[in-house]
Amino acid sequence: MDTQFKKGILELCVLATLATEDLYGYELTSRISRTIAITEGTIYPLLRRLKEEGLLVTYLEESSGGPPRKYYQLTAKGKRALKEQRGEWETFSKQVDTILHGGKR
Amino acid sequence: MNKKTFLEQLRKELKGLPEEETRDIIADYEEHFAIGKKKRRKEEAITKELGSPKSLGKQHKAVWRIEQAEKKHSTENVLKAVLATIGLGFFNLVVVLGPFAALVAVLLALFAAGIGISAAGIALIFGSLAAPFLHQYLILSGQGTIGLLFLGIGTTALGLLMLIGTAYLGKGFAKITIAYLRFNVQIITGKRGEEE
């Protein structure tokens, strides 16, 4: 059941993490998996989908002594999606909390 | 597993995608491995974190197929997108295939009805034209031959309209199916990644 929760909000977590700064794939997966244990590989199909939907753009940046890194960046559409999904999550989690506390607030 | 095996299995799942797309997908994982290596991590640890390459390949394929179906609503593209989404897991079989099969059944029924009605209409037209030469048909219907002819034309028109309507419905269904698949992939993608 745990995995189903995670899958539903992984997109929200990705968008929220990229809201503060552009990150490359490895960084993004590390950062998220520090807080929530996830199968890190699934970030990549998600990122591709978000890019194709116009919520993200990518750019390459050379790194010193390493491979060029593909950075992911939120677009205006992505920021709007983040705002919307954040709101949905907050409403939803409040509702679940209400039920967990026996209907009393 | 090591990086080579991981990428091989991933590539295998990606068969059917154009080489450019496959290369782009693999490049992301190559980058991940390269950075991990720079941090002195072992390939085995990295592949364990990434998860099943087969499952990841299926997710990538589903995402791409839906993309294709959106660009061009051809029957082939929509069918492939449905299959790729179902390939993500058994759960999808019911959730995706069920409604899709129902839609296809409705379309086929309407199409068959359209053909049947058109055929009946055409038969009536021929019947009415042949009637003067075949006395028995005049007796069978209460109408005169002209009435029968118009009935035939009207019926054929109805049948043809049904066929045209079914074609438009088919386009609409394709759009709905694609949107529904996208919705499913958003919710379900990665579920197998956790379980496998």
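Residues numbered from 1 in each chain as written. Chains lettered and ligands numbered in written order. Predicted model: local features only at pLDDT ≥ 70, side-chain atom pairs only at ≥ 80, totals over all residues. Heavy atoms only, no water.

Enquirer: Go over the interface of chain B and chain A with me, naming the residues and quoting the values.
Expert: Every contact between the two is made by 30 residues of chain B and, on the other side, 27 residues of chain A. Each partner contributes to the roughly 2,700 Å² buried at the junction of chain B and chain A, and carbon and sulfur atoms together form 54% of this total. Here chain B is connected to chain A by four salt bridges. Asp28 of chain B serves as the salt-bridge partner of Arg48 of chain A, at 3.8 Å between the closest nitrogen and oxygen. Among the elements of the structure, α2 (19–38), α3 (43–50), α4 (53–71), α8 (145–188) and α9 (191–195) of chain B are those that each provide at least two residues to the side of chain B that touches chain A. For the side of chain B that touches chain A, the leading source of residues is α2 of chain B, giving eleven residues. Of the residues assigned to the side of chain B that touches chain A, the class counts are eight nonpolar, nine polar and 13 charged. (Contact = heavy atoms within 4.5 Å. Buried area = accessible area lost by both parts, 1.4 Å probe. Salt bridge = Lys/Arg side-chain N within 4 Å of Asp/Glu carboxyl O. Helix = DSSP H or I, 4+ residues; strand = E, 2+ residues; numbered from the N terminus. Nonpolar A, V, L, I, M, F, W, Y, C, P; charged D, E, K, R; others polar.)

Enquirer: Explain the pairing of strand β3 (residues 69–74) of chain A residue by residue, including any values.
Expert: All names here are of chain A. Taken across its six residues, β3 has five buried, putting it largely inside the fold. Relative to β3, strand β1 (residues 23–24) is paired through two bridges, and the arrangement is antiparallel. Across the sheet, Leu23 pairs through a bridge with Tyr72, a residue of β3. (Buried < 20%, exposed > 50% of the residue type's maximum accessible area, 1.4 Å probe, protein only. Pairing = 2+ DSSP bridges.)

Enquirer: Describe the sheet that holds β3 of chain A, listing the residues and the values that go with them.
Expert: Residues and elements named next belong to chain A. The antiparallel open sheet is built from three strands, whose spatial order is β1-β3-β2. On the outer flanks of this sheet lie β1 and β2 (56–61), each paired with one strand and no other. Of the pairings in the sheet, the one linking β2 to β3 comprises six bridges and is antiparallel in character. Residue Thr58 lies in a different strand from β3, and its bridge partner there is Tyr72. Across the sheet, helix α3 (residues 43–52) is in contact with β2 and β3; its angle to β2 comes to roughly 110 degrees. (Axes fitted to C-alpha atoms, helices over the stretch in contact; angles between N-to-C directions.)

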